[in-house]
Amino acid sequence: NMSAARPFRGCACFFTDNIFVGRFGLHVRYRDGPQLRRDHGRALRERGCRSEEQFREVLREIEAEVQRRKDLIHQSVERRAIISKCYKPKYPEVYTLQDSFLAPEFLEIVRFCTSPGADLQGLLHYLESFSDKRIYRLPVFTEEFCQTFVDELENFEQSDMPKGRPNTMNNYGVLLNELGMDETFLTPLRERCLQPITALLYPELGGACLDSHKAFVVKYSLHEDLDLSSHYDNAEVTLNVSLGKEFTEGNLYFGDFNQDPTPVPKYIEVEHVRAQGLLHRGGQIHGALPIASGERWNLIVWMRSSAIRNQLCPMCSRKPELVEAEGFGDGFTEPLAEEVPHTVNVCALG
């Protein structure tokens, strides 16, 4: 893995772009007040932000979010240290990936994808496909694992350990790197199981060289997060696995691929099936409809290819302006000293 020895980086746009103003359901870019008014004033007014006081509240909300992002790395490292030292897992075994956690059908798909002569057409026989949007459903975990995993996450949630928010749009959930699951669970899942599949499904997105990830679990319930506004992910490829528990409604919906918008997007709805996962392109616009009852937990794995995103940051659509980061950062790497070879092998790009 070429980038394994290179430290991962973030893009500076993390501190200015794609800031979600929750009360008005709008993503904004923020430099200062006058710029916000100039670029987003009309959209904010259309969504009900009409008074000066409301605009000042939006400014305060955005500035708090920018500060939160600036404090993120340092606080995440602190939280992880405290959790590692003080948290007593209820089910320590779920922290290390075992084949017994994986659905036999999923293991069969991985076996097929790693066999000589495996191709896309053969793989599609194993998957459920949705429309022409390159969204696929496949069994991932066993029901038993899902139940134990959610039980462990609830145990953590009910503990007095410090907790970080998964992202700006989800208030309830768990960052799995802070629980210490990256090296022993998620990296092997990505490298050994998912990459052979994504190499066939999404070759042009670096599906064969997904060298980092960000993984978190989100939770929806009636008194917490109910739904999720329309957005795209900071990922080349996303895996979204339904873990349970019992719930009604809350379907996912998918629109356009953000690099290929249409004048009137066609949306499709996809139901969750417990223990099964959806694979989709990170740039596919999507969201979650409100649940009507119960509780819904989902594992989200944003998979990234430095070979792809080093060329263009998916969040600001510019050449990334690299900044220091912790762990996998946002999946960017410093360029290699030598020239980038002029080949069509996307995984060889750096």
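Let me begin by describing the structure that accompanies this report. Since the structure is predicted, the reported quantities are computational estimates derived from the model, not experimental observations.

**Considering the nonpolar core**
For soluble globular proteins, nonpolar side chains are generally found buried alongside one another.
Okay, step 1: Counting 55 residues, the largest nonpolar core has Phe106, Phe141, Leu176, Leu179, Ile197 and Leu243 as its most contacted members.
Okay, step 2: Those elements giving two or more residues to this core turn out to be helix H3 (104–113), strand E5 (135–139), helix H5 (143–158), helix H6 (182–201), strand E7 (212–221), strand E9 (237–244) and strand E15 (291–304).
Okay, step 3: Sort the elements by how many residues they give to this core and H6 lands first, with eight residues.
Okay, step 4: When near neighbours in sequence (up to four residues on either side) are disregarded, Phe141 contacts Phe101, Leu102, Ala103, Cys146, Phe185, Leu189, Val241, Leu243, Ala275 and Leu299.
Okay, step 5: The next biggest cluster of nonpolar side chains, apart from the first, holds 14 residues, and it includes Leu26, Leu44, Cys49 and Val58.

**Some points on the pairing of strand E13 (residues 276–281)**
Okay, step 1: Most of E13 is tucked away: five of the six residues are buried.
Okay, step 2: Taken together, the four bridges between E5 and E13 define a ladder with antiparallel strand orientation. Within E13, the position partnered with Leu138 by the bridge is Gly277.
Okay, step 3: In the sheet, E9 pairs with E13 via five bridges, with the strands oriented antiparallel. Bridge pairing links Val237 to Arg281 in E13.

**Structural notes on the packing of aromatic side chains**
Okay, step 1: Enumeration according to the criterion identifies 14 aromatic pairs in this entry.
Okay, step 2: Between the aromatic rings of Phe14 and Phe15, the centroid separation amounts to 5.5 Å while the plane-to-plane angle is 70 degrees, which identifies the pairing as edge-to-face.
Okay, step 3: Judged by its relative accessible area of 27%, Phe14 is partly exposed.
Okay, step 4: Judged by centre distance (4.7 Å) and plane angle (45 degrees), the ring pair of Phe141 and Phe145 falls under tilted. Per residue, the accessibility class of Phe141 equals that of Phe145, and both read buried.
Okay, step 5: Here a set of aromatic residues connected by ring pairs shows up, and it is made of Phe101, Phe141, Phe145, Phe149 and Phe185.
Okay, step 6: Just above the ring of Phe14 sits the side chain of Arg69; from NZ or CZ to the centre is 4.8 Å.
Okay, step 7: Above the face of the Phe332 ring, Arg309 is positioned so that its terminal group lies 5.2 Å from the ring centre.

Criteria and thresholds
Residues numbered from 1 in each chain as written. Predicted model: local features only at pLDDT ≥ 70, side-chain atom pairs only at ≥ 80, totals over all residues. Heavy atoms only, no water. Core = buried A, V, L, I, M, F, W, Y, C linked by side-chain atoms within 4.5 Å. Buried < 20%, exposed > 50% of the residue type's maximum accessible area, 1.4 Å probe, protein only. Helix = DSSP H or I, 4+ residues; strand = E, 2+ residues; numbered from the N terminus. Contact = heavy atoms within 4.5 Å. Pairing = 2+ DSSP bridges. Phe/Tyr/Trp six-rings, centres within 6.5 Å; stacked < 30°, edge-to-face > 60°. Lys NZ or Arg CZ within 6 Å of the ring centre and 35° of its normal.

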